[in-house]
Amino acid sequence: MGRRIRPDSARRRQLHRRLRDLEADLEECSRHLVQLENTLRHIVRTTDDVTIGGPCRCGQSLLILSNQSLYCPQCSYRRTV
Ligand SMILES: [Zn+2]
């Protein structure tokens, strides 16, 4: 009688594989986020009159403060400050 893999352990292995993939994706995303943050910080530092604010209420971008105007590059939000 050959050894059969019980459905339970097959499922568990699949779950482990999926978890490993997710961990790898997460690491990749974190690395990418750090790269973007570093790049953005550099751009802000070397560009006159540009400041990055908190997240816009649309949730798609951080707000940009430039020329006394606070705006979101993703939605139509804009206000003078
Ligand atoms: Zn927005």
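All of these numbers come straight from a predicted model, not from anything done at the bench.

A.B. asks: For this particular structure, what's the right way to read the pairing of strand 1 (residues 50–55)?
C.D. replies: Side-chain positions along a regular strand alternate between the two faces of the sheet. Along strand 1, only zero of the six residues are buried, which leaves the element largely exposed. Relative to strand 2 (residues 62–66), strand 1 runs antiparallel, the two being bridged by four bridges. Looking at the pairing, proline 55 lines up with leucine 62 of strand 2. Taken together, strand 1 and the strand that follows it, strand 2, pair antiparallel across an intervening segment of six residues, in which glycine 59 is found at a positive phi of about 80 degrees.

A.B. asks: Sorry if this is basic, but what is going on with the environment of glutamine 14 here?
C.D. replies: Locating glutamine 14 in the fold gives a position in helix 1 (residues 7–46). When the 10 C-beta atoms within 10 Å are taken as the criterion, glutamine 14 is described as exposed. Measuring from C-alpha to C-alpha, the distance between glutamine 14 and asparagine 38 comes to 36 Å, with 24 residues separating the pair along the chain.

A.B. asks: Which parts of the structure should I look at to understand unusual backbone geometry?
C.D. replies: Glycine aside, residues mostly have negative phi, and peptide bonds are mostly found in the trans state. Its identity as a non-glycine residue notwithstanding, asparagine 67 has a phi of 50 degrees, on the positive side. Inspection of the secondary structure assignment puts asparagine 67 in the loop between strand 2 and strand 3 (69–71). The residue glutamine 68 is not glycine, and still its phi comes out positive at about 55 degrees. For glutamine 68, the location among the structural elements is in the loop between strand 2 and strand 3.

A.B. asks: Quick question: what am I supposed to make of the domain arrangement of the protein chain here?
C.D. replies: A common way to report how large an interface is uses the accessible area buried once the components associate. Here the protein chain is described as being made up of domain 1 (1–47) and domain 2 (49–81). The gap between the C-alpha centroids of domain 1 and domain 2 is 31 Å.

Basis of the calculations
Residues numbered from 1 in each chain as written. Predicted model: local features only at pLDDT ≥ 70, side-chain atom pairs only at ≥ 80, totals over all residues. Buried ≥ 20, exposed ≤ 12 C-beta atoms within 10 Å, placed from the backbone. Helix = DSSP H or I, 4+ residues; strand = E, 2+ residues; numbered from the N terminus. Pairing = 2+ DSSP bridges. Domains from an automatic or database assignment.

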